[in-house]
Amino acid sequence: SAAVVAGSIVEMARTMLLYPLLTLKTRVQSDINTRRKKGKYPPLRLGTRFKYTLRTAEKHWNEGDLYAGLLPALFITVPSTGLYYGVRDVVKRTLMPVFQFPNGNIPVLLLAAF
């Protein structure tokens with residue numbers, strides 16, 4: 001149905017846009033944990049920690065490979081999201097005529113979301 005295609009397209013776009021940021025976040029956290037184990041973690045002051053995080057993020061941004069591992073992530077998330085929206089649409093269309101609530105169909109929409 002159209003919901004499956006639309007959900008899959010939106011999930012693909014979302015994953016492709018946010019994947020570099022998630023990769024960058026993971027690498028920065030990994031660097032902080034590695035430095036913490038070596039005893040080289042910066043002081044707890046917020047300004048120092050923020051500057052360190054920015055320097056580390058810039059280093060990884062310049063190294064590249066921010067899309068490494070994107071294809072397996074797409075193979076997992078796109079079909080599952082498409083299936084979710086397809087099932088949600090079928091449930092919504094099935095329950096909407098059966099249950100008519102005086103305050104609208106908000107309970108049906110909530111039920112279809114789960």
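By convention here, each chain's residues receive numbers from 1 onward along its written sequence. Since the coordinates come from a predicted model, pLDDT governs what is reported: local features require at least 70, and pairs of side-chain atoms require 80 or more to be given and counted, while whole-chain, interface and lining totals use all residues. With hydrogens and water excluded, all non-hydrogen atoms of the structure serve as input to the side-chain values.

Chemist: Can you break down the packing of aromatic side chains residue by residue, with the values?
Modeler: Only centres within 6.5 Å qualify two rings of Phe, Tyr or Trp (six-membered ring in Trp) as a pair; their planes then separate them into stacked at under 30 degrees, edge-to-face at over 60, and tilted for everything else. Tallied over the entire structure, the rule returns one aromatic pair. Ring centres of Tyr84 and Tyr85 lie 5.0 Å apart, and the angle between their planes is 75°; this geometry places the pair in the edge-to-face category.

Chemist: Tell me about the confidence of the model for the protein chain, residues and numbers included.
Modeler: In this model, the protein chain carries an average pLDDT of 80, and 84% of its residues clear a pLDDT of 70 or more. The pLDDT value tells you how sure the predictor is about a given residue, anywhere from 0 up to 100. In this text, helices come from DSSP runs of H or I with a minimum length of four residues, and strands from runs of E with a minimum of two, each type numbered from the N-terminal end. The secondary structure element of the protein chain with the lowest average pLDDT is helix H4 (residues 106-113), at 69, and the one with the highest is helix H3 (residues 70-98), at 87.

Chemist: Please give an account of the environment of Phe75 that cites residues and values.
Modeler: Checked against the element boundaries, Phe75 lands in helix H3. Placed 63 residues apart in sequence, Phe75 and Met12 show a C-alpha to C-alpha distance of 9.5 Å.

Chemist: Please give an account of the packing of helix H1 (residues 2-38) against H3 that cites residues and values.
Modeler: Any two packed helices are characterised by the angle at which their axes cross and by the distance between the axes. Axis definition: a line fitted to C-alpha atoms, limited for helices to the stretch in contact. Angles are taken between N-to-C directions and run from 0 to 180 degrees. Taken N-terminus to C-terminus, the directions of H1 and H3 make an angle of 145°; their axes are 7 Å apart at the nearest point. You can see that H1 and H3 cross each other, and the crossing is right-handed. For the pair H1 and H3, contact is made by Ala3, Val4, Gly7, Ser8, Glu11, Met12, Thr15, Met16 and Tyr19 and by Leu70, Ala73, Leu74, Thr77, Val78, Thr81, Gly82, Tyr85, Gly86 and Asp89, respectively. When residues are grouped by polarity, Ala, Val, Leu, Ile, Met, Phe, Trp, Tyr, Cys and Pro land in nonpolar, Asp, Glu, Lys and Arg in charged, and all others, Gly among them, in polar. Class assignment for the residues of the contact of H1 with H3 results in ten nonpolar, seven polar and two charged. In this scheme the handedness of a crossing depends on how the near helix is turned from the far one: anticlockwise by less than a right angle means left-handed, clockwise means right-handed. Contacts are residue-level and defined by heavy atoms, with any inter-residue pair within 4.5 Å sufficient.

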